[in-house]
Amino acid sequence: MRKVIAVLLLGIVGYYIFSSFLEIPFGENRATIGDYYLENSVEQTGSVNTITSIIVSYRGFDTLGEVTVLFLASTGLAAILFDNRGRKRRRQHASLIVRIGAHLIYPLIILLGAYVFIHGHLTPGGGFQGGAIMATGVLLMFMSYRSFEVNHKWLTYLESFAGITFVTIGLSGLIWGDSFLANVLPLGVPNELFSAGIIPIIYIAVGIKVGAELTGLLDNLLKTIK
Amino acid sequence: MTDALTIMVYVLAVILIIAALFAVKQKDLLLAVIGTSAISVVLSIFFYILQAPDVALTEAAIGVALSTIIFVITIKKTERHEE
């Protein structure tokens, strides 16, 4: 009986999916919004990287949602792994070569991450990529040095500060502009570092937030109960 | 697309499929994670060839480094072999 109902339901769902797929004409470009972005994004937002202008300006509200999802995931993991007795990373037997190499490369990786999110409106990359690269650098230090610790209080402060910056800039667009996240600052000359109004500020905030969240997440995962 | 690029795309696609099958079929979870990491590397090159450097950067940073390490830590804390 259950099998019959399952087949029946599958048939109904399949029929509707198939009939709606039949409506879609193949080989035709129906999404013309891409051309609009390519033609107008530089003069409307001042950012030469069209993808950044879509992520931060046209679809900025979605980005706020994505950052919130990441925050919730990191908080949820910390809540699951929380333990009152105090947790510590187990002894890591990293060799001398790994330790010296990590020590040399660590500042460069952090610098690369910062470069990627500060230049998000000029070159490929942005807040998410830069933050992930920074977290990778911290991970390298976690795996090489047992004594390397991050201050969770400061991570929380950084995260909250970056989140508040994002929302405040969005609300200022509501006050002085015409919509949430409207570009209220002067756009400047395209292709310069100080251009595109609020876009670099928001991407720096997103980069700091993502980097702090992923670092806290990795630290929580690597620690074990004593 | 030039000829050399076409051949490279085919080779990469074959590697992608082999790595995906390896990741699904492998009973040793650590090796399966290495398989998913290889998928991410190839996908990252694909995104770069298809002129999406932003996505390639994301895939390289998160798919290759962070998610792999999170899986490895989890496997270390649980079980290595699938039943």
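Residues numbered from 1 in each chain as written. Chains lettered and ligands numbered in written order. Predicted model: local features only at pLDDT ≥ 70, side-chain atom pairs only at ≥ 80, totals over all residues.

1. Some words on the overall build of chain B
Assigned secondary structure in chain B consists of 3 helices and 0 strands. Walking chain B from its N terminus toward its C terminus, one meets helices and strands in the order α-α-α. With the C-alpha coordinates of chain B rotated into their principal frame, the extents come out at 45 × 25 × 10 Å. Looking at chain B as a whole, 17% of its 83 residues qualify as buried. Restricting the contact set of chain B to residue pairs at least 6 apart, pairs at least 24 apart contribute 46%. (Helix = DSSP H or I, 4+ residues; strand = E, 2+ residues; numbered from the N terminus. Buried ≥ 20, exposed ≤ 12 C-beta atoms within 10 Å, placed from the backbone. Contact = placed C-beta atoms within 7 Å.)

2. A short note on the overall build of chain A
Along chain A, the regular secondary structure elements total 8 helices and 2 strands. Across chain A, helices and strands are ordered from the amino to the carboxyl terminus as α-α-α-α-β-α-α-α-α-β. On C-alpha atoms alone, chain A measures out to a radius of gyration of 23 Å, which is more than a quarter above the 17 Å that the 2.2 N^0.38 rule sets for 226 residues. With respect to the principal axes defined by its C-alpha atoms, chain A has extents near 65 × 60 × 35 Å. Sorting the 226 residues of chain A into buried and exposed places 31% on the buried side. Sequence separation of at least 24 residues holds for 73% of the intrachain contacts in chain A that already meet a minimum separation of 6. (Rg over C-alpha atoms; globule rule 2.2 N^0.38 Å.)

3. Here we look at the packing of helix α5 (residues 96-118) of chain A against helix α8 (residues 199-222) of chain A
The geometry of a pair of packed helices is captured by two quantities: the angle between their axes and the separation between those axes. All names here are of chain A. Put simply, α5 and α8 touch, their axes get as near as 8 Å, and they point 145 degrees apart. Judged by residue contacts, Gly 113, Phe 117 and Ile 118 of α5 engage Pro 200, Tyr 203, Ile 204, Gly 207 and Gly 211 from α8. Of the residues assigned to the contact of α5 with α8, the class counts are 5 nonpolar, 3 polar and no charged. (Axes fitted to C-alpha atoms, helices over the stretch in contact; angles between N-to-C directions. Nonpolar A, V, L, I, M, F, W, Y, C, P; charged D, E, K, R; others polar.)

4. Looking at unusual backbone geometry
Positive phi, normally seen in glycine, also occurs at B:Gln51, with a value near 60 degrees. Within the secondary structure, B:Gln51 sits in the loop between α2 (29-49) and α3 (53-77).

5. Observations regarding the interface of chain B and chain A
In this assembly, 11 residues from chain B lie in contact with 14 residues from chain A. Within the side of chain B that touches chain A, the residues separate by chemical class into 9 nonpolar, 1 polar and 1 charged.

6. A few points about helix α4 (residues 60-81) of chain A
For α4(A), built from 22 residues, the straight-helix expectation of 32 Å at 1.5 Å per residue is met to within 8% by its first-to-last C-alpha distance of 32 Å. Check the buried side of α4(A) and you find it contacts α3 (50-58), α7 (152-176) and α8 of chain A. (Expected span 1.5 Å × (residues − 1).)

7. Things to note about the packing of helix α2 (residues 33-45) of chain A against α3(A)
Residues and elements named next belong to chain A. Contact pair α2 / α3: the axes reach a minimum separation of 9 Å and the direction vectors enclose 70 degrees. The angle between α2 and α3 places the two elements in the roughly perpendicular class. The two elements α2 and α3 cross, and the hand of that crossing is left-handed. In contact with Tyr 37, Leu 38, Ser 41 and Thr 45 of α2, α3 contributes Thr 50, Ser 53, Ile 54 and Ser 57. When its residues are assigned to classes, the contact of α2 with α3 shows 3 nonpolar, 5 polar and no charged. (Parallel < 35°, antiparallel > 145°, perpendicular 65-115°, else oblique. Left-handed = near helix turned anticlockwise from the far one by under 90°.)

8. Things to note about the nonpolar core
All names here are of chain A. Ala 132, Ala 135, Leu 139, Phe 166, Ile 202, Val 206 and Leu 218 are the most contacted members of the largest nonpolar core, which has 38 residues in total. Per-element accounting of this core gives the leading share, 12 residues, to α8. With sequence-adjacent residues up to four places away left out, Val 206 is seen in contact with Thr 63, Val 67, Gly 127, Phe 128 and Phe 166. (Core = buried A, V, L, I, M, F, W, Y, C linked by C-beta atoms within 7 Å.)

9. Section: the environment of A:Ala205
Residues and elements named next belong to chain A. Tracing the backbone through its elements, the reader meets Ala 205 in helix α8. The spatial distance from the C-alpha of Ala 205 to the C-alpha of Phe 166 is 6.5 Å, given a sequence separation of 39 residues. Apart from the residues within four sequence positions on either side, Ala 205 is in contact with Ala 162, Thr 165 and Phe 166.

10. A look at α8(A)
Taking 1.5 Å of rise per residue, 24 residues should cover 34 Å, and α8(A) covers 34 Å from first to last C-alpha, within 8% of that figure. Burial within α8(A) is extensive, with 20 of its 24 residues counted as buried.

11. Some thoughts on the confidence of the model for chain B
All names here are of chain B. When the pLDDT values of chain B are averaged, the result is 88; 98% of them are 70 or greater. The spread of mean pLDDT over the elements of chain B runs between α3, the lowest at 88, and α2, the highest at 91. For this predicted complex, the interface confidence comes out at an ipTM of 0.81, alongside a pTM of 0.80. (pLDDT = per-residue confidence, 0-100.)

12. Focus on the environment of A:Ser57
All names here are of chain A. Following the sequence through the fold, Ser 57 ends up in helix α3. The exposure class of Ser 57 is buried, given the 23 C-beta atoms found within 10 Å. In sequence terms Ser 57 and Gln 44 are 13 residues apart; their C-alpha atoms lie 9.6 Å from each other. Residues contacting Ser 57, with those up to four places away along its chain left out, are Thr 45, Asn 183 and Ile 199.

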